[in-house]
Amino acid sequence: MSILDYMLRSDGLYLHCTQGMMALTPYTPRAIRVRYTLGSEFSAQPSLMVVATPALGVHFTVEERPSHLVFATAEVTIVIDRQTAAFTYYDRQGVLLTREPARGGKTLAPIDVVVSDFSASTVAEAGLSADGVRIEARNIRTRIDRQAYHTKLEFEWAESEALYGLGSHEEGMFNLRGQHQYLYQQNMKAVAPVLVSTRGYGVLMDSYSLMTFHDDAFGAYLWSDVDDELDYYFLYGPELDQIVRELRTLTGKAPMLPKWAFGYIQSKERYKTQAELIEVVQEYRRRGLPLDCIVLDWMSWPGEQWGQKSFDPERFPNPDQMMAELHALHAHLMISIWPIMRPGGANWQEMHDGGFLLGNQATYNAFDKDARALYWRHAHDGLFMHGIDAWWCDCTEPFEADWNGAVKPEPEERLRINTEEAKRYLDPEYINAYSLLHSQGIYEGQRAGTAARRVVNLTRSAYLGQQRYGTITWSGDIAATWETLHKQIAEGLNFCATGLPYWTVDVGAFFVRHRPDLWFWRGDYDNGVEDMGYRELFVRWFQYATFLPMLRTHGTDTPRELWRFGEPGEPMYETLAKFLRLRYQLLPYLYSLAGWITHHDYTMLRLLAFDFRDDPNTYDIRDQFMFGPAFLVCPVTQPMYYRAGSTPIADVARERTVYLPAGCDWWDFWTDARLAGGQSIVAQADLETMPLFVRAGSIVPMSAPMQYVDEQPDAAIELHVYPGRDGHFQLYEDAGDGYDYEHGAFVTIDIEWQDAANRLVLGERNGAYPEMPVQRIFRIVRHDATAKTSSRELCYQGRRMEVNF
């Protein structure tokens, strides 16, 4: 394919090729949209993912040379070969970022788009699986609906670069070089079609169909199954934080979650009655264990009315009273709701009568805005009006075909049967987008009704753009093994590298026991919490999750309340309590990071290349990460005390190897030992200790442990300073709930550590909100490796203050 001619328009460069047309449109100086079609015009179909339009006045130039064209913004240069239309990407200094093969890297293969015709179909219930009710259509006809393309975008990646992203899957891939991945939604697969590179760029594919990624013997490329055209965005950082900022500029900013969502969330499969929910919260309060939310899993509905969004009157006789009692205990309630409804319930009937169900006549059509509005009305009238605080949108990849059988299907077979099942009911071009639209309906519905309560939506599937709807994604129904724990770390890091900021896990895993008849029910602990091996695994999982955006225990087979893992004074119980209290002590730090996510497009859960892109030794470290700018978190992912069956382990070193990234010193959080970066060390890792380090120059705001996040709104804040270089931290505060922050009702305080002068500077308070404390006690704690840690206390009233040590 060669370039015949080109045209400059106000919005970009248009290329007329021997095979079709291309367009390059700068949305910002760092984000260039590229489209390619074989047709006579580009698609006018609006993006479900990208909400931005090209910024006015983005300057670009086009230089014509004998063998190529040079398209350039202030930050990015794209050299286009006239003979092959191959693109080569450079930064503004002329440093190569990446390139397509010299023969060209864009391929479109015309296809017929086949969709289902349900005019003669029947429906039947397939039964209740481990993943809920399944209802299927039979006698489905098919028809050709239109023509589209398979698309392919090829690259020649550099030997030294690392690639991350694509969402959260289950294999534990980290650096994606030399790997392949299949991008479709499924339990334990949450897709985000983004790659980011340590060479300072990212690629966003604006596609919603099945996709594949390859960097293997088959090539180096991204492929999509069904698209109107090839449509992607090339993004330049060079830092990963800058790439994430461009992604959120394109696809939407992440709103604030309520402060309580960063506290502890207690869940299991399942609490069955109103009384049980209240009793569990009361027990947490009695024991002095912090808690902010309890979760009501599936089957809260009446009888067999699966998916009905109202309470069973026998088990939940007075929802208003239940919510009043929970709120009086300073606890919140998250409730599970499903997109599938068993025929016969009132919600189902209204959906059916309105024509809002998909072809199985059970799953509502989230692609229809009127169906989304009706779904929200059902959720509001049956649940939200009683005071429900948060949503757990389960099974948001509503069609699957492999959640059965004793033998796990091969990856290619899973791809085939799962995507074929989804294509039976959804347009093949949009099978990955259901969760995005479902989340939109929940968010817009709640926002239209109240600005006083922030949307919280825990959802099992994801897509880029979903961050603008108040979502947190969890990794699905995983199994309780040490291998799974290890793999989860990489999955969360790759997920958050795509610009989606909130991700979590089922602490302790969902499946704990081993069922030989089901391939996914493969935990190692048939005795559940009675097995000391499982208790150890749970403690290590909890330690890791203390440093995730959301801390939530959940699962089946065995109880999950913290007192099930021991009694006060016993090591397992005391370690869980220690890390739970540490989570609450870190809330000023954690909530500030949440403020940065919303106001500065920050990423809280950070693979090491976010902060140490210049240290190649970090590129393949999959079991360490940064939690905000300060903490290097090093989870323990192997047993040291017990194997399954409560079998003691002898002669095992209770330690793990840790790499301390180069470029700064590090402080051991537990001992205050100061260590040089750029080295591997052996760190203590007994049960009570997860290796945890603080970057020199960090300022870490902490508070006293609380029973719930707003127990002491005026409490003193400790500012822990870790010397070794200059540092900065912006403390963020607001009302903790509601959307007044969107209108400026929040406070920031810039805090600076001047290392050479041994001085901490608290800047002037910026902003205000009605509940803001007029004054605040700050205790400044300067750490010292010689055990001479010193502190100062001051009363801050909003004016600049200095503290000298």
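Within each chain, residue numbers correspond to sequence positions counted from 1 in written order. Reporting in this predicted model follows two pLDDT cut-offs: at least 70 for local features of residues, and 80 or more for side-chain atom pairs to be given and counted; totals over whole chains, interfaces and linings ignore these cut-offs and use all residues. With hydrogens and water set aside, each side-chain value is computed from the structure's full complement of heavy atoms.

J.: Give a detailed account of the overall build of the protein chain, specifying residues and quantitative values.
T.: The helix count covers DSSP runs of H or I at least four residues long, the strand count covers runs of E at least two residues long, and both are numbered beginning at the N terminus. The helix and strand tally for the protein chain stands at eleven helices and 47 strands. Here the C-alpha coordinates of the protein chain stretch approximately 75 × 65 × 60 Å along the principal axes. The buried label applies to any residue whose accessible area, calculated with a 1.4 Å probe on protein chains only, is under 20% of its type's maximum; exposed applies above 50%, and partly exposed to all values in between. Within the span of the protein chain, comprising 805 residues, buried residues form 64% of the whole. Sequence separation of 24 or more characterises 69% of the internal contacts of the protein chain that already satisfy a separation of 6 or more. Method for areas: the Shrake-Rupley scheme with a 1.4 Å probe, in which residue coverage is limited to the protein chains shown. Approximately 27,700 Å² of the protein chain is accessible, and the part contributed by carbon and sulfur atoms is 48%. Placing the 75 positive and 107 negative side-chain charges of the protein chain at their respective mean positions leaves the two points 2 Å apart. Contacts are residue-level and defined by heavy atoms, with any inter-residue pair within 4.5 Å sufficient. As used throughout, the charge tally considers Lys and Arg to be positive and Asp and Glu to be negative, leaving His and the chain termini uncounted. Charged groups are reduced to one reference atom each: NZ for lysine, CZ for arginine, CG for aspartic acid, CD for glutamic acid.

J.: Describe the sheet that holds strand β31 (residues 631-633), naming the residues involved and giving the relevant values.
T.: As summarised here, the arrangement of the six strands in space is β29-β30-β31-β38-β35-β36, forming an open sheet in which the pairing is antiparallel. The strands lining the two open edges of the sheet, one partner per strand, are β29 (605-606) and β36 (674-676). For strand β30 (residues 625-627) and β31, the ladder comprises three bridges, and the chain directions are antiparallel. Bridged to F627 within β31 is F631. Note on pairing: two strands pair once DSSP finds at least 2 bridges between them.

J.: So what about the pattern of salt bridges? Which residues, and what values?
T.: Throughout this description, the term salt bridge denotes a Lys or Arg side-chain nitrogen within 4 Å of a carboxyl oxygen of Asp or Glu. Under the counting rule described, the total for this entry stands at 53 salt bridges. Between D427 and R146 there is a salt bridge, with the nearest N and O atoms lying 2.8 Å from each other. With a gap of 281 residues between them, D427 in the loop between α6 (411-425) and α7 (434-449) and R146 in strand β13 (residues 141-154) connect regions that are remote in the sequence. Given a relative accessible area of 25%, D427 falls into the partly exposed group. When the shortest N-O distance is used, the salt bridge between K268 and E276 registers 3.8 Å. E276 sits in the partly exposed class, given a relative accessible area of 23%.

J.: Break down helix α2 (residues 274-287) for me, with residues and values.
T.: Under the 1.5 Å per step criterion, the end-to-end length of α2 is 21 Å for 14 residues, consistent within 8% with the ideal 20 Å. Buried residues along α2 sit in contact with β21 (264-266), β22 (293-296), α3 (319-328), β23 (332-337) and α10 (571-585). A positive phi of about 70 degrees marks G288, the residue just after α2. Expected span of a helix, by definition, is 1.5 Å for each gap between consecutive residues, and there is one gap fewer than residues.

J.: Give me the lowdown on the pairing of strand β9 (residues 96-99), citing residues and values where you can.
T.: Pairing analysis gives three bridges linking strand β8 (residues 87-91) to β9, with the strands arranged antiparallel. When the sheet's bridge partners are listed, T88 is paired in β9 with R99. Between β8 and β9, which pair antiparallel one after the other, the connecting turn spans four residues, and G94 there sits at a positive phi close to 85 degrees.

J.: Describe the packing of helix α9 (residues 532-545) against α10, with residues and values.
T.: Between α9 and α10, whose axes approach to 10 Å, the crossing angle comes to 10 degrees. Relative to α10, the element α9 is oriented roughly parallel. Each of M532, R535, E536, F538, V539, F542, Q543 and A545 in α9 lies in contact with α10, whose residues at this interface are M572, T575, L576, F579, L580 and R583. In this description, a line fitted to the C-alpha atoms serves as the axis of each element, helices being fitted only across the stretch in contact, and the angle between N-to-C directions of two axes falls anywhere from 0 to 180 degrees. Orientation labels follow simple angle bins: below 35 degrees gives roughly parallel, above 145 gives roughly antiparallel, 65 to 115 gives roughly perpendicular, and whatever is left gives oblique.

J.: Tell me about the nonpolar core, and please be specific about residues and values.
T.: As used in this record, nonpolar core signifies buried Ala, Val, Leu, Ile, Met, Phe, Trp, Tyr and Cys residues forming a set joined through side-chain atoms within 4.5 Å. Formed by 248 residues in total, the largest nonpolar core has its most connected members in W391 and F631. Once you skip the residues sitting within four places of it in the chain, W391 turns out to touch M334, I335, I337, W376, A379, L383, F384, I442, Q446, V456, N457 and L458. Core analysis: the second largest hydrophobic core is formed by 14 residues, L608, C634, V658 and C664 among them.

J.: Give me the lowdown on the sheet that holds strand β10 (residues 106-117), citing residues and values where you can.
T.: Sheet architecture is open: five strands sit in the order β10-β13-β19-β18-β15, paired in antiparallel fashion. Where the open sheet ends on each side, the last strands, each with one partner, are β10 and β15 (180-183). Shown here is a sheet whose adjacent strand axes are inclined to one another by a mean of 15 degrees, direction ignored. Helix-sheet contacts for α6 involve β10, β15 and β19 (219-227), and the interaxial angle to β15 is about 20 degrees.

J.: Hey, could you go over the environment of E239 for me, with residue numbers and the actual values?
T.: If you trace the backbone, E239 turns up in the loop between β20 (230-236) and α1 (240-251). Ignoring sequence-local partners within four residues, the contact set of E239 consists of F610 and R613.

J.: Kindly report on the side chain of T28, identifying the contributing residues and their values.
T.: In this structure, T28 sits in strand β3 (residues 20-28). The buried category is assigned to T28, whose relative accessible area is 14%. A polar contact is formed between the side chain of T28 and the backbone nitrogen of A31, at a distance of 3.1 Å. Polar contact criterion, stated in full: a pair of N or O atoms within 3.5 Å, where within protein one must be able to donate a hydrogen and the other to accept it, and residues adjacent in sequence count only if both atoms are side-chain atoms. Polar contacts involving the side chain of T28 include one to the side chain of E246, which spans 2.7 Å. Those residues within four positions of T28 in sequence are excluded, and the remaining contacts are V58, E246 and T249.

J.: Can you explain the environment of I135? Please cite residues and give values.
T.: Looking at where I135 falls in the secondary structure, it is placed in strand β12 (residues 132-138). Of the residues examined, I135 reaches a relative accessible area of 7% and is grouped as buried. Measuring from C-alpha to C-alpha, the distance between I135 and T363 comes to 8.5 Å, with 228 residues separating the pair along the chain. Contact partners of I135, with chain neighbours within four places excluded, come to V123, A124, E125, A126, I340, M341, R342, P343, N360, A362 and Y425.

J.: Help me get a handle on unusual backbone geometry, residues and values and all.
T.: In this chain, G237 is followed by P238 through a cis amide linkage whose omega measures 10 degrees. Tracing the backbone through its elements, the reader meets P238 in the loop between β20 and α1. R270 follows E269 through a cis peptide bond whose omega is 0 degrees. Positionally, R270 belongs in the loop between β21 and α2. In this structure, N139 takes a positive phi of about 60 degrees despite not being glycine. Structurally, N139 can be placed in the loop between β12 and β13. Given a relative accessible area of 53%, N139 falls into the exposed group.

J.: Talk me through the packing of aromatic side chains; I want residue IDs and the actual numbers.
T.: Classification of ring pairs uses Phe, Tyr and Trp, with its six-membered ring standing for Trp, and accepts pairs whose centres are within 6.5 Å; under 30 degrees between planes counts as stacked, over 60 as edge-to-face, and the remaining range as tilted. Under the criterion given, the structure shown has 62 aromatic pairs. Their ring planes at 15 degrees and their centres at 4.3 Å tell us that Y364 and Y375 sit as a pair that is stacked. Note that Y364 is positioned in the loop between α4 (346-353) and α5 (369-382) and Y375 in helix α5, a separation of eleven residues in sequence. Judged by its relative accessible area of 0%, Y364 is buried. Through a chain of ring-to-ring contacts, the aromatic side chains of F547, F579, Y589, W596, Y602, F627, F631, F669, W670 and F729 assemble into a single cluster. Any Lys NZ or Arg CZ found within 6 Å of a ring centre and within 35 degrees of that ring's normal is scored as a charge over the ring. A cation sits over an aromatic face here: K152 above Y221, 4.3 Å from the ring centre. Between R447 and the ring centre of Y739, over which it is positioned, the NZ or CZ distance is 3.5 Å.

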